[in-house]
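A look at the structure
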Number of protein chains: 2
Amino acid sequence: MDLSTFLPVARGDEPADLALRNGRVINVFTGEIITTDVAIAKDTIIGVGPDYEAREVIDLDGRFVCPGLIDSHVHIESSMVTPPQFARAVVLRGTTTVITDPHEIANVAGADGVRYMLNASERLPLTVYVNLPSCVPATHMGTAGAELAARDLIALADHPRVIGLAEFMNVPGAVLGLPGALEKLNAFQGQVIDGHAPGVSGKWLQAYIGAGPGSDHESMAADEMLEKLRLGMYVFVRESTAAKNLRSLVPAITLENSRRCAFGTDDRHPADLLDEGHLDYLIRMAVNEGVDPIVAIQMASLNAAEWFRLHDRGAIAPGKRADMVVFSDLEDFQAEMVWVGGVLVAQDGAPVGDWPAVAVDDSHVRDTIHVDWERLSFSIPAVTDQIRVIGIVPDQVVTEHLIEAASVARGVAVATPERDLLKIAVIERHGRTGTVGLGFVRGLGLERGALAGSVGHDAHNLTVAGCDDVSMMTAARGVGNLGGGLVVAVGEEVLASVPLPIGGIMSDKSVETVRQQMDNLIQSARDLGSTLHDPFMALGFLALEVIPALKLTDQGLVDVEKFTLVPLWVE
Amino acid sequence: MDLSTFLPVARGDEPADLALRNGRVINVFTGEIITTDVAIAKDTIIGVGPDYEAREVIDLDGRFVCPGLIDSHVHIESSMVTPPQFARAVVLRGTTTVITDPHEIANVAGADGVRYMLNASERLPLTVYVNLPSCVPATHMGTAGAELAARDLIALADHPRVIGLAEFMNVPGAVLGLPGALEKLNAFQGQVIDGHAPGVSGKWLQAYIGAGPGSDHESMAADEMLEKLRLGMYVFVRESTAAKNLRSLVPAITLENSRRCAFGTDDRHPADLLDEGHLDYLIRMAVNEGVDPIVAIQMASLNAAEWFRLHDRGAIAPGKRADMVVFSDLEDFQAEMVWVGGVLVAQDGAPVGDWPAVAVDDSHVRDTIHVDWERLSFSIPAVTDQIRVIGIVPDQVVTEHLIEAASVARGVAVATPERDLLKIAVIERHGRTGTVGLGFVRGLGLERGALAGSVGHDAHNLTVAGCDDVSMMTAARGVGNLGGGLVVAVGEEVLASVPLPIGGIMSDKSVETVRQQMDNLIQSARDLGSTLHDPFMALGFLALEVIPALKLTDQGLVDVEKFTLVPLWVE
């Protein structure tokens, strides 16, 4: 905001646009709650105190007002919707700024994917900052749609909403100083580099921190969090759909150590966004677990703003951006009014006014399923008697590495649903290698039919699991016909589907619509016998070759603990 | 430090250069004290924890180790010595980084003065950052040696040790949006801008903060400090030679509000540096007044580093610069060992090793006394019966605005020591206008002779006060003969002097030498009858036309409350 506009209002010589009277203002600087007024002109808070004249006055009547909430780490793609639809879902709940890592779309479409996320988040009622995906592809053992080298990241870094480098997952690369990793770290030295160091401790953690990453959102235990805080890291307490860490961590948060604690939602699926919430849910949980409500709000505002050097926000104070949330109960944070840049955008959980719809060229992130269907085959010629099987662990992304007797018919290995052994295929779908990895999985529980999806972390290849090759082919082709998505099929019939035409990982519909589609899809899978809470989430992580123990990429089975490809057949 | 050097040591594959064993490490991130080891390679802390091999090992045997101290606001010139000599004085006491505002030398020599301070602080065992003087000259009612416009400041801003803009004293300019002030503020928007807002409150304070300044070191009362903290300012608690605010402020500092509190020494004279100390003294005082010792250390390290965005220091943690202080008593902070960039530079209050002596071209800041001695006259023709008199208030920089009967002899006003009315002259000495302001002062207490000095805040003109014109001329010419300095004279004899050849405000000798010279000088003034603790400090502030009530510049008497020049003679 131009000072020549700001100053006359701040001095009191001209009226403000808006005054919130009698609010209990959460002061994140001093940890106090102070009953006073807040005055706003255009997009900026111009004063906190009494006696500001204003064109519009709202009496808060003792309700609380706090800074707009900041999500320190989120993959918007995991909401399965585009940035505008994601914004609609989270702004209603008080989130006004997110730092997103477009890691998923970058694995599909590279720099074009990152640019799409930046373009699709222009002029939203949510400020979307991007930290650049540091590890695309995740490893050399799977085929992603693109690679991002240091020079590609540098070329993206000039955008005004790009802050720095996102979760630096290549811990060995950083600690051992491997050339590709060092090149990226050196390119962003002195800027914000977010870390990703699950379970890393001791000297390796110190080397990793010294190499540049200054934050982490992977702590699973209080001791792990405290070690990271003591070494100067910012710790983002995470509560995502797949990884629930908040309850383990927050009991160790104190007044003394909280200044470098923040929140990250990482990956939250549509149902969780709608049923539980976003940062509001994390604040409620934290307070319920005993965290001081003001500390919880500091974690979701000032602390995050300080780490990301967002000096224009994170507090209710003169000169700060007028991102504000009104709520009534410190113990049960529910956003009742949300202002973004001085505009009231949500009230009582519903949007206010017309949110801008910005036309975005998404041609580079559509039509991303490139499979040679004629050559595709799921046939597995028998070699020995025993096979490796991926064992799903319910509600975890880790798997078991099982050895089972193979079921062989007419010289080929077949699925045996009665033993809960399904065939699984990961089909390179970016049109690069055409490779197909084949294997077996236990734990999906299907009695017939097949599941397929183009969401397959991190390379997002086409993943199919089923009881017979015909159903698998129907499901896989169904995904292809959608231009990306999730499908349940039996025989030659598609029973249910969720179209994800944006990169094969995001819908172009609202989060409510996707949630309904997902509910139908999961019910359809359950009807076929699956007992999992969300069999498609399990399917989507079976290809993630950086999480133990046994995974399948388009290149084949990966023994993650040995960090190497292994054969399906055991001698 | 290059990562290829750092990483092998951090991982433990190569030995460190130094390990401090069994230290009680002050963890400024978590507020804890943790007994462990600290490992250093070259200039960097590579690890905090056990089992680092090292070429040199020092057993701290339970002594405390904390980050090197950071002074958030200091005018090095006020120590009356050059940066290398200042460094010698403060590093022994644990200060390893200062943010200096070269406001004094800039008033003498403009941008050349700022560049001199930058050049003279290269490769010291102290990191000297510069915030650029924002208000040179202080007002249009005095003649400084130079002006610094926005374009001059921008031209200096590229230096790697220039952070931003220093104490923005022109509060009305900022709040009213006057062009010269706005130009400077806009040029540094988004960067660090330090404030200077004594007693400013309410809407004016909010407008001032919104205009850019984000810190303040002028709080005199706890309420004032709390208002500034609540509005998001960093507050530097100051304890200088002339302004002692610490005891009034620190009782209001809490765990909740301390994260934006820091320390500034502003102006500390040689005797105070040597007898009391530097930041170590402020820490001792704060702890003595009840501040938690860890909070006090945070104020002198992490908090300051965060405000000035010095991400490489302010904590004992991997990757941080190895600036460290060892001490034995939390309640009585005394630096026993000081490392700067991994080098042990001081032990038990004495320097260790050879400190580098860097040759600096100081030609632009020498020979700064330019007075036309032949034209100089202190004669004041009588006009009416009554005169305005500046009334000194002991140990304050404010003065009284007195009206007294004039003593007239042979048609001119004369000093009357028996009434404690001395004549005072402020002689423009930068060779620009040759103007001389004349007036009278009460409170110096001289019975005979005169005092003169080229230290005269902020324009640093030549200020002389005395009992007769001959002594005044001797004292003034004595300063000229020194090329700048402080002089006591009687009749035609110089009794004592302190040469200050650098800009007329700094010695080229050690702080110990200057202190001895100052003691002699003050004793000489006392012998002439002065009863003040330091009559030269009083003299030096009589020309500061921004401090109430009545001051004298080279342009004449200034009624500061009316912010206008006023005549000596009252009708």
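This report concerns the structure included in the present document. Only a predicted model underlies this, so the values are computations on that prediction, with no experimental measurement involved. All chains use their own residue numbering, which begins from 1 and follows the written sequence. Here the convention is simple: chains get letters from A, ligands get numbers from 1, in the order in which they are written. It should be noted that, the model being predicted, local features are given only for residues of pLDDT at least 70 and side-chain atom pairs only at 80 or more, the latter also being counted only at that level, while totals for whole chains, interfaces and linings use all residues. To get the side-chain values, take all heavy atoms of the structure and skip hydrogens and water.

1. Points about the sheet that holds strand β29 (residues 556-559) of chain B
Residues and elements named next belong to chain B. Heads up, the condition is: Criterion used throughout: strands pair if DSSP finds at least two bridges between them. Helix and strand labels come from DSSP, where a helix needs a run of H or I of at least four residues and a strand needs a run of E of at least two; each type is numbered from the N terminus. Helix axes use the C-alpha atoms of the stretch in contact, all axes being lines fitted to C-alpha atoms, and the angles between their N-to-C directions lie in the range 0 to 180 degrees.
The strand order across the open sheet built from three strands is β28-β29-β30, with neighbouring strands paired in antiparallel fashion. Looking along the sheet, the strands with just one partner apiece sit at the ends: β28 (550-553) and β30 (564-566). Direction aside, the axes of adjacent strands within the sheet are offset by 45° on average. In terms of strand pairing, β28 meets β29 through four bridges, oriented antiparallel. Across the sheet, residue L552 finds its bridge partner in β29, namely L557.

2. Observations regarding the packing of helix α7 (residues 202-210) of chain A against helix α1 (residues 3-11) of chain B
Rule in force here: Put simply, angles under 35 degrees are roughly parallel, angles over 145 are roughly antiparallel, angles from 65 to 115 are roughly perpendicular, and the rest are oblique. Should the near helix be turned counterclockwise from the far one by less than a right angle, the crossing is left-handed, whereas a clockwise turn marks it as right-handed. Pairs of residues are marked as contacts when any of their non-hydrogen atoms sit within 4.5 Å. Only Asp, Glu, Lys and Arg are considered charged in this grouping, and only Ala, Val, Leu, Ile, Met, Phe, Trp, Tyr, Cys and Pro are considered nonpolar; every other residue, Gly among them, is considered polar.
Where α7(A) meets α1(B), the closest approach of the two axes is 8 Å, and the angle between their N-to-C directions is 165°. Compared by their axis directions, α7(A) and α1(B) come out roughly antiparallel. Seen along the crossing, α7(A) lies across α1(B) with a hand that is right-handed. Here α7(A) contributes K203(A), Q206(A), A207(A) and G210(A) to the contact with α1(B), which in turn contributes L3(B), F6(B), L7(B), A10(B) and R11(B). Residue classes in the contact of α7(A) with α1(B) are distributed as five nonpolar, two polar and two charged.

3. Remarks on helix α7 (residues 202-210) of chain B
For clarity, the threshold we go by: Note on classification: 1.4 Å probe, protein chains only; a residue is buried when its accessible area is under 20% of the maximum for its type, exposed when over 50%, partly exposed between these limits.
Every buried residue belonging to α7(B) is among L205(B), Q206(B), A207(B), Y208(B), I209(B) and G210(B), and all of these are buried. On its buried side, α7(B) packs onto α1 (3-11) and β3 (44-48) of chain A together with β9 (162-168), α5 (171-175), β10 (193-195) and α8 (222-230) of chain B. Positive backbone phi, approximately 140°, marks G212(B), located one or two places after α7(B).

4. Focus: the interface of chain B and chain A
Many descriptions give the size of an interface as the accessible area lost when the pieces come together. Let me state the cut-off plainly: In this description, buried area is defined as the sum, over both parts, of the accessible area (probe of 1.4 Å) that is lost when the two are combined. Throughout this description, the term salt bridge denotes a Lys or Arg side-chain nitrogen within 4 Å of a carboxyl oxygen of Asp or Glu.
The interface is formed by 52 residues belonging to chain B together with 52 residues belonging to chain A. For the pairing of chain B and chain A, the buried interface totals around 4300 Å² over both sides, and the portion due to carbon and sulfur atoms is 56%. Applying the counting criterion to the chain B and chain A interface returns six salt bridges. Salt-bridge contacts for R259(A) lead to E306(B); the nearest nitrogen and oxygen are separated by 3.0 Å. Of all elements in the fold, only α1, β2 (32-41), β3 (44-48), α5, α6 (179-187), α7, α8 and α13 (302-307) of chain B reach the threshold of two or more residues within the side of chain B that touches chain A. Considering only residue class, the side of chain B that touches chain A consists of 25 nonpolar, 17 polar and 10 charged.

5. Some points on unusual backbone geometry
The bulk of non-glycine residues show a negative phi, and the bulk of peptide bonds are trans. Cis rather than trans, the peptide bond between P548(A) and A549(A) has omega equal to 0°. By secondary structure assignment, the location of A549(A) is in the loop between α16 (535-541) and β28 (550-553). For D61(B), which is not glycine, the phi dihedral falls at a positive 55°. A positive phi angle is found at D348(B), which is not glycine, with a value near 50°. Of note, D348(B) is situated in the loop between β16 (343-347) and β17 (350-351).

6. Quick notes on the side chain of S219(B)
Residues and elements named next belong to chain B. Mapping S219 onto the fold places it in the loop between β11 (215-216) and α8. Classification of S219 as buried rests on a relative accessible area of 2%. With residues up to four places along the chain from it excluded, the contact list for S219 reads E224, M225, K228, N245 and L249.

7. Brief notes about the sheet that holds strand β29 (residues 556-559) of chain A
All names here are of chain A. Strand order in the open sheet formed by three strands is β28-β29-β30, with antiparallel pairing between adjacent strands. The open sheet has two edge strands with one neighbour each: β28 and β30 (564-566). Taking the axes of each pair of neighbouring strands and ignoring which way they run, one obtains an average angle of 45° across the sheet. By the bridge criterion, three bridges tie β29 to β30 in an arrangement that is antiparallel. Within β30, the position partnered with L557 by the bridge is V566.

8. A short note on the relation of the copies chain B and chain A
For the record, the criterion: Superposing the copies works by least squares over the C-alpha atoms of residues that have pLDDT at least 70 in both of them.
It takes a turn of 180° to lay chain B on chain A, together with a shift of 0.0 Å along the axis; the resulting RMSD is 0.0 Å. Here the copies are linked by what is in effect a two-fold axis. In terms of C-alpha distance to the rotation axis, chain B has L255(B) as its closest residue, with the C-alpha 3.6 Å off the axis.

9. Some words on the packing of aromatic side chains
Worth spelling out the cut-off: When two rings of Phe, Tyr or Trp (its six-membered ring) have centres within 6.5 Å they constitute a pair, described as stacked for plane angles under 30 degrees, edge-to-face for angles over 60, and tilted for the intermediate range. Two conditions define a charge sitting above a ring: the NZ of Lys or the CZ of Arg must be within 6 Å of the ring centre, and it must be within 35 degrees of the ring normal.
Enumeration according to the criterion identifies 10 aromatic pairs over all chains in this entry. Taking 5.3 Å as the distance between ring centres and 20° as the angle between the ring planes, the aromatic pair formed by F64(B) and F327(B) counts as stacked. You can see F64(B) sitting in strand β5 (residues 64-67) and its partner F327(B) sitting in strand β14 (residues 324-327), a full 263 residues away along the chain. Summarising the aromatic geometry, the rings of F327(B) and F333(B) are spaced 4.5 Å apart at their centres and angled 40° between planes, so their arrangement reads as tilted. Here a set of aromatic residues connected by ring pairs shows up, and it is made of Y234(A), F236(A), W307(A) and F308(A). The ring centre of Y52(A) lies 4.6 Å from the NZ or CZ of K203(B), which sits over that ring.

10. Here's the deal with the pattern of salt bridges
Here the structure, examined in full by the defined rule, presents 60 salt bridges over all chains. One salt bridge connects E218(A) with R238(A), and the closest N-O pair in it is separated by 2.8 Å. You can see E218(A) sitting in the loop between β11 (215-216) and α8 (222-230) and its partner R238(A) sitting in strand β12 (residues 234-238), a full 20 residues away along the chain. Like R238(A), E218(A) is buried. The partner of D323(B) in a salt bridge is R313(B), with the nearest N and O atoms 4.0 Å apart. In this pair, D323(B) is assigned in the loop between α13 and β14 and R313(B) in the loop between α13 and β14, connecting sequence segments 10 residues apart. Classification of D323(B) by relative accessible area gives buried; the value is 4%. Each of the salt bridges in this network shares a partner with another, and the network as a whole consists of D312(A), R313(A), R321(A) and D323(A).

11. Here's the deal with the pairing of β28(A)
Burial along β28(A) is two-sided: L550(A) and L552(A) and K551(A) and T553(A), pointing in opposite directions, are all buried. Hairpin connection, β28(A) to β29(A): the antiparallel pair is bridged by two residues.

Shape descriptors only; they carry no functional weight alone.
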